[in-house]
Amino acid sequence: MAGPDTAVRVARESYGPLNPVVRTAEEGVEAWSRYDTPGQTIYACADPVTAYMELLAPYRTDVNRERRALQPIADAMRMDLDALWDQIVAEWDEAGTMKASWRPRAFRDGRKLYTLRFPDGWWIDITATDTIAALADLHARPWPTTEGPSDTPLTLAHLTGDDRTLTTAIAGVLRERVTLDDGSLPMGIQFLSKHGHPRGGSGVCWAYWMRYADNGLPEPVEVSVRSVIGEDDPDLRAAQSYCKFKSR
């Protein structure tokens, strides 16, 4: 696939958008992102709502589940569950502590929305039938998974799933063993956010392998815009609405 003209990425200002954690082959992959490989990988999205969703979704709250967890206490106190919840939230507000289902302001203030322009090159569409077929040719032996080696034929569910042992192994094969028709190496992987596409956005994401930085060379990725993330940012509010929480 041809690459994006621009993409957006949310990152901590103290680190900047081009300074991800360096992965090593000796460490476990449980904490890795889906298409990380040894070296450095950054992720960017086609639209801001998707970028915010990729960041915020792990903090998604389930108020109903939290309330249900209080049911034994409500029964012991012979109180209605909703009344107990309202009392707890009121006490938090009175004490001046963080409200239920809110993220602290530092969560937003410490990050910026960056616009990136990647160098010219080609990306692998992880959802393409050609990609699945090529992986079968590139890796004839069983694939590693968290449950052990598997010779089950790969499907889209495997390529886009949450088994980091498998997806990072797939990424490693695509990064190290694929040479494209024009003799170039793939820039990275194009994929659809597992959170879908938001209203007005495509939900398309890219995992970019930082080959230049890994080889001690300056990265050709251009950072063209650094935007402060405001409390009233409509894209942030949309993502927060999907995740059912707010931030100050």
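Residues numbered from 1 in each chain as written. Predicted model: local features only at pLDDT ≥ 70, side-chain atom pairs only at ≥ 80, totals over all residues. Heavy atoms only, no water.

> Would you explain helix H6 (residues 129-138) in this entry?
Structurally, the α-helix is built with 3.6 residues per turn, so residues lying three or four positions apart point the same way. Every buried residue belonging to H6 is among Thr131, Leu135 and Leu138, and all of these are buried. Viewed along the axis of H6, the buried residues span an arc of 65°, placing them on a single side of the element. The exposed residues of H6 that point more than 90 degrees off its buried face are Thr129, Asp130 and Asp137. Summarising the contacts, the buried residues of H6 are in contact with strand E5 (124-125), helix H7 (156-159) and helix H8 (164-177). (Buried < 20%, exposed > 50% of the residue type's maximum accessible area, 1.4 Å probe, protein only. Helix = DSSP H or I, 4+ residues; strand = E, 2+ residues; numbered from the N terminus. Arc of directions from axis to C-beta. Contact = heavy atoms within 4.5 Å.)

> Please clarify how the pattern of salt bridges should be interpreted in this entry.
For side chains bearing opposite charge, pairing can occur when the charged atoms are close. Under the defined criterion, the tally for this structure stands at seven salt bridges. Between Arg34 and Asp162 there is a salt bridge, and its shortest N-O distance comes to 3.1 Å. Of this pair, Arg34 sits in the loop between strand E1 (7-12) and strand E2 (41-45) while Asp162 is found in the loop between H7 and H8, placing the two residues 128 residues apart along the sequence. When its relative accessible area of 8% is taken as the criterion, Arg34 is described as buried. For Lys194, the salt bridge is made with Asp162, and the minimal N-O distance between the two is 3.5 Å. Taken together, the residues Lys194 in the loop between strand E6 (188-192) and strand E7 (204-209) and Asp162 in the loop between H7 and H8 connect sequence positions 32 residues apart. The exposure classification of Lys194 matches that of Asp162, with both residues exposed. (Salt bridge = Lys/Arg side-chain N within 4 Å of Asp/Glu carboxyl O.)

> How do you make sense of the side chain of Arg164 when you look at a structure like this?
Inspection of the secondary structure puts Arg164 in helix H8. A relative accessible area of 18% means that Arg164 is categorised as buried.

> What's the story with the side chain of Ser193 in this structure? I'm lost.
Examined against the element boundaries, Ser193 turns out to sit in the loop between E6 and E7. In this structure Ser193 comes out as buried when scored by relative accessible area, which is 4%. Excluding residues that lie within four positions of it along the chain, Ser193 makes contacts with Thr50, Glu54, Gly203 and Cys205.

> Even after reading the chapter, I still don't get the nonpolar core, so can you show me in this structure?
Considering soluble globular proteins, one finds that nonpolar side chains tend to be buried as a cluster. Of all hydrophobic cores here, the largest spans 33 residues; its most connected members are Ile170 and Leu174. Those elements that place two or more of their residues in this core are E1, E2, helix H1 (48-56), H6, H8, E6, E7 and helix H10 (234-243). Contact partners of Leu174, with chain neighbours within four places excluded, come to Ile124, Ile126, Leu135, Pro186, Ile189 and Trp209. Grouped together as the second largest cluster of nonpolar side chains are 13 residues, Tyr114, Phe118, Met210 and Val221 included. (Core = buried A, V, L, I, M, F, W, Y, C linked by side-chain atoms within 4.5 Å.)

> What is the right way to read the packing of aromatic side chains from this model?
The way to describe two aromatic rings as a pair is by their centre distance and the angle between their planes. Scanning all chains against the criterion turns up five aromatic pairs. With a centroid separation of 5.0 Å and 40° between ring planes, the pair formed by Phe118 and Tyr208 is classed as tilted. In this pair, Phe118 is assigned in the loop between strand E4 (111-117) and E5 and Tyr208 in strand E7, connecting sequence segments 90 residues apart. Note on accessibility: Phe118 and Tyr208 belong to one class, buried. Judged by centre distance (6.0 Å) and plane angle (45°), the rings of Trp123 and Tyr208 are tilted. With a gap of 85 residues between them, Trp123 in the loop between E4 and E5 and Tyr208 in strand E7 connect regions that are remote in the sequence. By relative accessible area, which is 2% here, Tyr208 ends up buried. Feature note: the residues Tyr35, Tyr43 and Phe191 constitute an aromatic cluster, connected by ring pairs. (Phe/Tyr/Trp six-rings, centres within 6.5 Å; stacked < 30°, edge-to-face > 60°.)

> Could you clarify how one ought to interpret the environment of Arg199 in this entry?
Within the secondary structure, Arg199 is located in the loop between E6 and E7. Each C-alpha atom, one on Arg199 and one on Thr50, is 10.0 Å from the other, the two residues being 149 residues apart in sequence.

> In this structure, what is going on with the packing of H1 against H10? I would like to understand it.
Each pair of packed helices can be described by the angle between their axes along with the distance between the axes. Contact geometry for H1 and H10: axes closest at 8 Å, N-to-C directions at 45°. By the angle between their axes, H1 is oblique relative to H10. By crossing handedness, the relation of H1 to H10 is classed as right-handed. When H1 is examined against H10, the residues Pro48, Val49, Tyr52, Met53 and Leu56 are found in contact with a partner set consisting of Asp235, Leu236, Ala238, Ala239, Gln240, Tyr242 and Cys243. Looking at the contact of H1 with H10, its residues break down into 10 nonpolar, one polar and one charged. (Axes fitted to C-alpha atoms, helices over the stretch in contact; angles between N-to-C directions. Parallel < 35°, antiparallel > 145°, perpendicular 65-115°, else oblique. Left-handed = near helix turned anticlockwise from the far one by under 90°. Nonpolar A, V, L, I, M, F, W, Y, C, P; charged D, E, K, R; others polar.)

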